[in-house]
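One letter stands for each residue in the lines below.
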Amino acid sequence: MLTGKRILLIIGGGIAAYKSLDLIRRLKERGADVRVVMTEAAQRFVTPLAAGALSHGKVFAELFDREDEQDIGHIRLAREADLVLVAPATADLLAKMTHGLAGDLATAVLLATRAPILAAPAMNPAMWSHPTTVRNAVQLGADGVVFIGPNAGAMAERGEDGAGRMAEPVEIAEAVERLLGTSTPGPLAGRRVLVTSGPTHEPIDPVRYIANRSSGKQGHAIAAAAASAGAQVTLVSGPVGLPDPPGVAVRHVETAREMLAAVEAALPADAAIFAAAVADWRVAGEAAQKLKKDGTSVPPLALVENPDILSSVAHLSGNRRPRLVVGFAAETHNVIAHAQAKRARKGCDWIVANDVSMDGGAASGIPGGVMGADSNAVHLVTEAGVEHWPTGTKTEVARRLVARIAETLNAAEAAS
Ligand code: C5P
């Protein structure tokens, strides 16, 4: 509940602004006192009249309006909020926030406030994944701004799909409750969850490395879903072009050996989910200096095996072993049989298997396969058998997996 909490909602100019009207209702039905600021662009998508009718108050829009400033100036708006919520947070607003631009009422309030800021980004996937926006989101995260979403899925632009949809109003309202400490505990409250994500980079020399096509989207989505479910999450991530998920402790690593060390340092955990695509091999004897082309011979690349992180954690004994160890299996053929064999060989409890062949991805309705895509079709292989999950976004797969993990941990605790 948000009884008596003062939320300042800043509505940015994007098509998702229509969902912010529902968001006002969701916040008010939880007892919040909602004040609304709209940018000029937002008013092209929804009217101040609608936002005012739903919030039961005046909607503020002008920095230089004498009446507005005499009524409640931007400094008072900034001070009289327990939380400032930016929804939708457009690429433009995020960029302005990053650089402290304060040329209109919304951005002036954002610079003046000392209340926590929660941003719900919404934009085209190409804009969200642009290096500039990624950099801005990382910087804002470091400055203390908390993000909810964006979710993956169909966009308003016809035929477009990807991460960029604003989180749903109920999700945003729940994130507000979490930030203000007024939420009911999530199903993973009090649990420690460890997640690995992304590829590893195995150096050949100081400038070259061996890598793979893992984007980290699935692993990052799992870490975010576990944090939303109330867990204390450590994410050990290889090099990815994604912002750190909100509310998650992130350890950035490059190589498999660094990943293993970071995983060991993060134990103990109640559940560990190994979604990283760890390189099986690294180059033996990495060159200390850049290898030079001499026109006569090519350097031989001898490979040695990397440690198997999943297997080593699954084979730990006593309290060091997480109660639930989950591995991933990306296979191009005989997906289920290979996943079952892998589960036994690695000693883990569950394997989440997916078909990464171009055909398999396409057969599941994901053109071009699942690598780097925003959707995933998986099968959950457990001791009890195999479950075929419907194709969903990586966010949906993550939520479902996290819900299953919570159920299993809670059932195991009840039984012990
Ligand atoms: O053996 P394979 O690489 O197919 O197994 C995939 C699973 O094992 C994934 O969960 C991956 O994160 C994990 N793994 C690991 N360390 C390795 C190789 C794979 O943790 N060196």
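Nothing here was measured: the structure is a model prediction, and the numbers come from that model. (Residues numbered from 1 in each chain as written. Predicted model: local features only at pLDDT ≥ 70, side-chain atom pairs only at ≥ 80, totals over all residues. Heavy atoms only, no water.)

> Kindly report on a nonpolar patch on the surface, identifying the contributing residues and their values.
On the surface, Ile 15, Tyr 18 and Phe 45 cluster together to form a nonpolar patch covering roughly 340 Å² of accessible area. Residue position: Phe 45 is located in the loop between strand S2 (33-38) and helix H2 (48-55). (Patch = residues over 30% accessible without salt bridge, like charges linked within 9 Å, V, L, I, M, F, W, Y side chains within 5 Å. Areas by Shrake-Rupley, 256 points an atom, 1.4 Å probe, with all protein chains shown as cover. Salt bridge = Lys/Arg side-chain N within 4 Å of Asp/Glu carboxyl O. Helix = DSSP H or I, 4+ residues; strand = E, 2+ residues; numbered from the N terminus.)

> With reference to specific residues and values, describe the site of the ligand.
Lining the immediate surroundings of the ligand are Phe 274, Ala 276, Val 278, Asp 280, Pro 307, Asp 308, Ile 309, Leu 310, Gly 327, Phe 328, Lys 342 and Lys 346. With respect to the ligand, the backbone of Ile 309 contributes an N or O atom lying 3.0 Å from a nitrogen atom. Contacts to the ligand include Lys 342, whose side-chain N or O atom sits 2.3 Å from an oxygen atom. Notes on the ligand: free accessible area 440 Å², of which the protein chains cover 86%. Contributing elements (two or more residues each) for the shell around the ligand: helix H12 (309-314), strand S17 (324-331) and helix H13 (335-346). Along the lines of polarity and charge, the residues of the shell around the ligand split into 7 nonpolar, 1 polar and 4 charged. (Near = heavy atom within 4 Å. Polar contact = N/O pair within 3.5 Å; in protein donor to acceptor, adjacent residues only side chain to side chain. Nonpolar A, V, L, I, M, F, W, Y, C, P; charged D, E, K, R; others polar.)

> Could you give me a rundown of the pattern of salt bridges, with the residues and numbers involved?
Counted under the stated rule, the structure contains 19 salt bridges. Across the salt bridge formed by Arg 6 and Asp 82, the nearest N and O atoms sit 3.4 Å from each other. Highlighted residues: Arg 6 in strand S1 (residues 6-11) and Asp 82 in the loop between helix H4 (74-79) and strand S4 (83-89), separated in sequence by 76 residues. Classification of Arg 6 by relative accessible area gives partly exposed; the value is 33%. Here Asp 22 makes a salt bridge to Arg 25, at a shortest N to O gap of 3.1 Å. Residue Asp 22 and its partner Arg 25 are both found in helix H1 (residues 17-29); the two are separated by 3 residues, about one turn of the helix. Asp 22 sits in the partly exposed class, given a relative accessible area of 22%. A relative accessible area of 41% means that Arg 25 is categorised as partly exposed. (Buried < 20%, exposed > 50% of the residue type's maximum accessible area, 1.4 Å probe, protein only.)

> Outline the sheet that holds strand S5 (residues 117-121), supporting the account with residue identities and numerical values.
As summarised here, the arrangement of the 6 strands in space is S3-S2-S1-S4-S5-S6, forming an open sheet in which the pairing is parallel. The open sheet has two edge strands, strand S3 (59-60) and strand S6 (146-147), and neither has a second partner. Both S5 and S6 contribute to a ladder of 2 bridges, which runs parallel. Counterpart to Ala 119 in the pairing with S6 is Phe 147. Packing of H2 onto the sheet brings it into contact with S2 and S3, and relative to S2 it is tilted by some 170°. (Pairing = 2+ DSSP bridges. Contact = heavy atoms within 4.5 Å. Axes fitted to C-alpha atoms, helices over the stretch in contact; angles between N-to-C directions.)

> An account of the domain arrangement of the protein is requested, with residue identities and associated values reported.
Here the protein is described as being made up of domain 1 (6-180) and domain 2 (192-415). Distance between the C-alpha centres of domain 1 and domain 2: 33 Å. Residue-level contacts link 14 residues of domain 1 with 9 residues of domain 2. With both chains or domains summed, domain 1 and domain 2 bury close to 820 Å², and 58% of this area falls on carbon and sulfur atoms. Considering only the side of domain 1, the residues that lose the most area to domain 2 are Val 134, Ala 152 and Arg 178, jointly responsible for 41% of the buried surface there. Applying the counting criterion to the domain 1 and domain 2 interface returns 1 salt bridge. Across the pair Arg 399 and Glu 171 runs a salt bridge, and its minimum N-O distance is 2.3 Å. For the pair domain 1 and domain 2, the interface holds 1 residue pair in polar contact (both at pLDDT 80 or more). Elements that contribute at least two residues to the side of domain 1 that touches domain 2 include exactly helix H8 (131-142), S6, strand S7 (151-154), strand S8 (161-165) and helix H9 (169-179). Tallied by class, the residues present in the side of domain 1 that touches domain 2 amount to 8 nonpolar, 3 polar and 3 charged. (Domains from an automatic or database assignment. Buried area = accessible area lost by both parts, 1.4 Å probe.)

> Could you give an account of the packing of helix H5 (residues 91-99) against H8, with specific residues and numbers?
Remark: H5 packs on H8, axes separated minimally by 9 Å, with the N-to-C direction vectors making an angle of 50°. Taken as axis vectors, H5 and H8 run oblique relative to one another. Remark: the crossing between H5 and H8 carries left-handed chirality. The segment H5 lies against H8, with Ala 91, Leu 94, Ala 95, Met 97, Thr 98 and His 99 engaging Thr 133, Asn 136, Gln 139 and Leu 140. Taken together, the residues that form the contact of H5 with H8 break down as 5 nonpolar, 5 polar and no charged. (Parallel < 35°, antiparallel > 145°, perpendicular 65-115°, else oblique. Left-handed = near helix turned anticlockwise from the far one by under 90°.)

> Describe in detail the packing of aromatic side chains, supporting the description with residues and values.
Scanning the entire structure with this criterion turns up 0 aromatic pairs. When the ring centre of Trp 389 is taken as origin, the NZ or CZ atom of Arg 400, which lies over that ring, is 4.8 Å away. Positioned above the aromatic ring of Trp 350 is the side chain of Arg 404, whose terminal nitrogen or guanidinium carbon lies 5.4 Å from the ring centre. (Phe/Tyr/Trp six-rings, centres within 6.5 Å; stacked < 30°, edge-to-face > 60°. Lys NZ or Arg CZ within 6 Å of the ring centre and 35° of its normal.)

> Which residues make up the nonpolar core, and what are the values?
Residues Leu 188, Val 193, Ile 222, Val 233, Ile 273 and Leu 401 are the most contacted members of the largest nonpolar core, which totals 33 residues. For this core, the elements supplying multiple residues, two or more each, are strand S9 (192-197), helix H10 (217-228), strand S12 (232-237), strand S14 (271-274), S17, strand S18 (350-355), strand S20 (378-382) and helix H15 (394-415). For this core, the element with the highest residue contribution is H15, accounting for 7 residues. Setting aside anything within four residues of it in sequence, one finds Val 193 in contact with Leu 188, Ala 226, Ala 231, Gln 232, Val 233, Thr 234, Ala 271 and Ile 273. Among the nonpolar cores identified, the runner-up in size contains 32 residues, and Ile 24, Ala 51, Leu 83 and Leu 85 belong to it. (Core = buried A, V, L, I, M, F, W, Y, C linked by side-chain atoms within 4.5 Å.)

> Could you give an account of the pairing of S20, with specific residues and numbers?
Every regular strand shows the same layout, with side chains that alternate between the two sheet faces. For S20, the tally of buried residues reaches 5 of 5 residues, placing the bulk of the element in the interior. Burial along S20 is two-sided: the face carrying Val 378, Leu 380 and Thr 382 and the face carrying His 379 and Val 381 are both buried. Sheet topology places S18 next to S20; 4 bridges connect them, and they run antiparallel. By the bridge assignment for S20, Ala 353 is matched with His 379.

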